Amino acid sequence: MPKTSVQRIVFGILMSITMAYGMEVYNVALREGGLSAMTDLVFWDALKETAYMWLFVFLFSNLWGNRLGRALAARISRPEDAPFLRSVFLSCCTVLVMCPTMSLTAAVLFSVLPGAGSWGQLPALWAGTLLKNFPMALLWNLFAAGPLTRLIFRRLFPAEGA
């Protein structure tokens, strides 16, 4: 996977965009009446929110999300574990850090600032947002955003000699 600073930045941008878009589709669909009532408009509205939310994902993951995720994964995995297993641990641990971070960000941006909730209600709004988003964030990361990001990254940076 990423070996240089440029590759790490490109990988981070790709992962931030794929995670943000998937989570925005999920949250916009819930806000618009639920997953069973989704329309094509959900994808467009989610894209509009992704246009700025990916920046928060990228910033927070680079400030602490990736670092803490790696540290947590290192505590539960061993160097002799299969690379796939270590990758799963890293993905899970990164979501464990980033989902509370982004749930707090979303609670502030979509509930408190527009006036749908007060600063006094922020802990409850944060908890509700986290409980709603964590299962989706974990599954989206493991089964969609992570594999898609790695696929695109491998196409952009093919292994030398391959």
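For clarity, every value in this text was computed on a predicted model and none was experimentally measured.

Draft legend 1. Inspection of the overall build of the protein chain at higher detail. Along the backbone of the protein chain there are 4 helices and 0 strands. Traced from its N-terminal end to its C-terminal end, the protein chain shows the element sequence α-α-α-α. Compactness check: the protein chain gives a C-alpha radius of gyration of 17 Å against a globular reference of 15 Å for 162 residues, within 12% of the reference. Along the longest, intermediate and shortest principal axes, the C-alpha atoms of the protein chain span 55 × 35 × 30 Å. When the 162 residues of the protein chain are sorted by exposure, 36% land in the buried category. In the protein chain, once contacts between residues fewer than 6 apart in sequence are set aside, the share between residues at least 24 apart is 65%. Here the protein chain has roughly 9,700 Å² of accessible surface; of this, 69% comes from carbon and sulfur atoms. Side-chain charges of the protein chain comprise 13 positive and 8 negative groups, with the mean position of each set lying 10 Å from the other.

Draft legend 2. Representation of the nonpolar core in the model. In terms of nonpolar packing, the biggest core is built from 11 residues, these being F11, L14, M15, M19, M23, Y26, V95, C99, A137, A145 and F153. Mapped onto this core, the elements with two or more residues apiece are α1 (5-31), α3 (83-112) and α4 (122-156). Looking at this core, the element that brings in the most residues is α1, giving 6 residues. Ignoring any residue separated from it by four or fewer positions in sequence, one finds Y26 in contact with L35, K132, N133 and M136.

Draft legend 3. How the structure looks around the pattern of salt bridges. Summed over the entire model, instances satisfying the criterion amount to 4 salt bridges. Here R31 and E49 are joined by a salt bridge, their closest N and O atoms 2.5 Å apart. With R31 in helix α1 and E49 in helix α2 (residues 40-76), the pair connects residues that are 18 residues apart, well separated along the chain. For E49, a relative accessible area of 11% gives the class buried. Linking K48 and D45 is a salt bridge whose minimum nitrogen-to-oxygen distance equals 3.4 Å. Of this pair, K48 and D45 both sit in helix α2, 3 residues apart, which is roughly one turn of the helix. Through salt bridges with shared partners, a single ionic network connects R78, E80 and D81.

Draft legend 4. Representation of the environment of F56 within the structure. With respect to the element layout, F56 can be found in helix α2. Each C-alpha atom of the pair F56 and M102 lies 7.8 Å from the other, and the pair is 46 residues apart in sequence. The residues contacting F56, other than those within four sequence positions of it, are M102, T105 and L109.

Draft legend 5. Inspection of the packing of α1 against α4 at higher detail. Taken N-terminus to C-terminus, the directions of α1 and α4 make an angle of 140°; their axes are 9 Å apart at the nearest point. Of the possible angle classes, the one that applies to α1 and α4 is oblique. Between α1 and α4 lies a crossing whose hand is right-handed. Grouping the amino acids of the contact of α1 with α4 by side-chain chemistry returns 16 nonpolar, 8 polar and 2 charged.

What counts and how
Per chain, residues are indexed from 1 in the order of the written sequence. Under the rules for a predicted model, residues below a pLDDT of 70 receive no local features and side-chain atom pairs below 80 are neither given nor counted, while totals for whole chains, interfaces and linings still include all residues. Side-chain measures here rest on the full set of heavy atoms in the structure, leaving out hydrogens and waters. Under the DSSP-based scheme used, a helix requires at least four consecutive residues in state H or I and a strand at least two consecutive residues in state E, with every element numbered from the N terminus. Put simply, the radius of gyration uses C-alpha atoms, and a globule should come to 2.2 Å times the residue count raised to 0.38. Burial classes: relative accessible area under 20% of the type maximum marks a residue as buried, over 50% as exposed, and values in between as partly exposed (1.4 Å probe, protein chains only). Two residues qualify as a contact provided that any one of their heavy atoms is within 4.5 Å of a heavy atom in the partner residue. Surface accessibility in these figures is a Shrake-Rupley result with a 1.4 Å probe; residues are shielded only by whichever protein chains are displayed. We score Asp and Glu as negative and Lys and Arg as positive, and we do not count His or the chain ends. Every charge is mapped onto a representative atom, which is NZ of Lys, CZ of Arg, CG of Asp or CD of Glu. The definition of a nonpolar core used throughout is a set of buried Ala, Val, Leu, Ile, Met, Phe, Trp, Tyr and Cys residues joined through side-chain atoms within 4.5 Å. The salt bridge criterion pairs a side-chain nitrogen of Lys or Arg with a carboxyl oxygen of Asp or Glu, the two atoms within 4 Å. Every axis in this analysis is a line fitted to C-alpha atoms, fitted for helices over the stretch in contact. Angles between the N-to-C directions lie between 0 and 180 degrees. Any angle between 65 and 115 degrees counts as roughly perpendicular, while under 35 counts as roughly parallel, over 145 as roughly antiparallel, and the rest as oblique. Two helices cross in a left-handed way if the nearer one is turned anticlockwise from the farther one by less than a right angle. They cross in a right-handed way if the turn is clockwise. Classification used: nonpolar for Ala, Val, Leu, Ile, Met, Phe, Trp, Tyr, Cys and Pro, charged for Asp, Glu, Lys and Arg, polar for all others including Gly.

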